[in-house]
Amino acid sequence: ETSVRVEGVAYPGSVEAEVAVAEVSYDRGQSWKEAELLSEEVEKGDAKGIYRGWTRFRVELKLPAAQGLGCGGPLPELWCRLRNAKGECQSERSSAMGGYLYNGYHKVPIVRK
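Note that the coordinates shown come from a computational prediction; the quantities given were computed from them, not determined experimentally. (Residues numbered from 1 in each chain as written. Predicted model: local features only at pLDDT ≥ 70, side-chain atom pairs only at ≥ 80, totals over all residues. Heavy atoms only, no water.)

A.B. asks: Give a detailed account of the overall build of the chain, specifying residues and quantitative values.
C.D. replies: On a plain count of helices and strands, the chain comes out with 0 helices and 7 strands. Each helix and strand of the chain, ordered N terminal to C terminal, gives the series β-β-β-β-β-β-β. A burial count over the chain gives 33% of its 113 residues as buried. Restricting the contact set of the chain to residue pairs at least 6 apart, pairs at least 24 apart contribute 64%. Accessible area of the chain: about 7600 Å², with a carbon and sulfur share of 52%. (Helix = DSSP H or I, 4+ residues; strand = E, 2+ residues; numbered from the N terminus. Buried < 20%, exposed > 50% of the residue type's maximum accessible area, 1.4 Å probe, protein only. Contact = heavy atoms within 4.5 Å. Areas by Shrake-Rupley, 256 points an atom, 1.4 Å probe, with all protein chains shown as cover.)

A.B. asks: Let's hear about the pattern of salt bridges: which residues, and what values?
C.D. replies: Charged atoms that come close allow side chains of opposite charge to pair. This structure, assessed with the given rule, holds 3 salt bridges. For Glu36, the salt bridge goes to Arg58, with nearest N and O atoms at 2.9 Å. In this pair, Glu36 is assigned in strand β4 (residues 36-37) and Arg58 in strand β5 (residues 55-63), connecting sequence segments 22 residues apart. Judged by relative accessible area, Glu36 falls into the partly exposed class, the value being 41%. (Salt bridge = Lys/Arg side-chain N within 4 Å of Asp/Glu carboxyl O.)

A.B. asks: Mind laying out the pairing of β5, listing which residues take part and the relevant values?
C.D. replies: What you see with β5 is a clean split: Thr55, Phe57, Val59, Leu61 and Leu63 sit on the buried side and Arg56, Arg58, Glu60 and Lys62 on the side with no burial. Relative to β5, strand β1 (residues 2-10) is paired through 9 bridges, and the arrangement is antiparallel. In the strand pairing of β5, Val9 is matched with Arg56. Bridge analysis of β4 against β5 gives 2 bridges, and the strand direction is antiparallel. Residue pairing for β5: Glu36 is matched across the bridge by Arg58. (Pairing = 2+ DSSP bridges.)

In structure tokens, the structure reads:
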């Protein structure tokens, strides 16, 4: 088993919304671990500010031991998703919008060293 600390930033989709839950998966969405939200960093009175809604998160994951993979071999990706305060969950894929406003899960390939 290997531990890895994952840190990221979540955006709920608009400045009027609020991040309720950020989750991370190392097994392509079969299981999710809830991350700690650093919500106290978000200025609640700044409803019109450009940073409104952005919330940092962090979580410690225990990755399973590599099986059949040598040193430096790829593991499945880390996936990150969120739910807003309305209960809406981020979808795995986002519709094409000319390369802008992508809102699917963030998927990060990881390599064990």
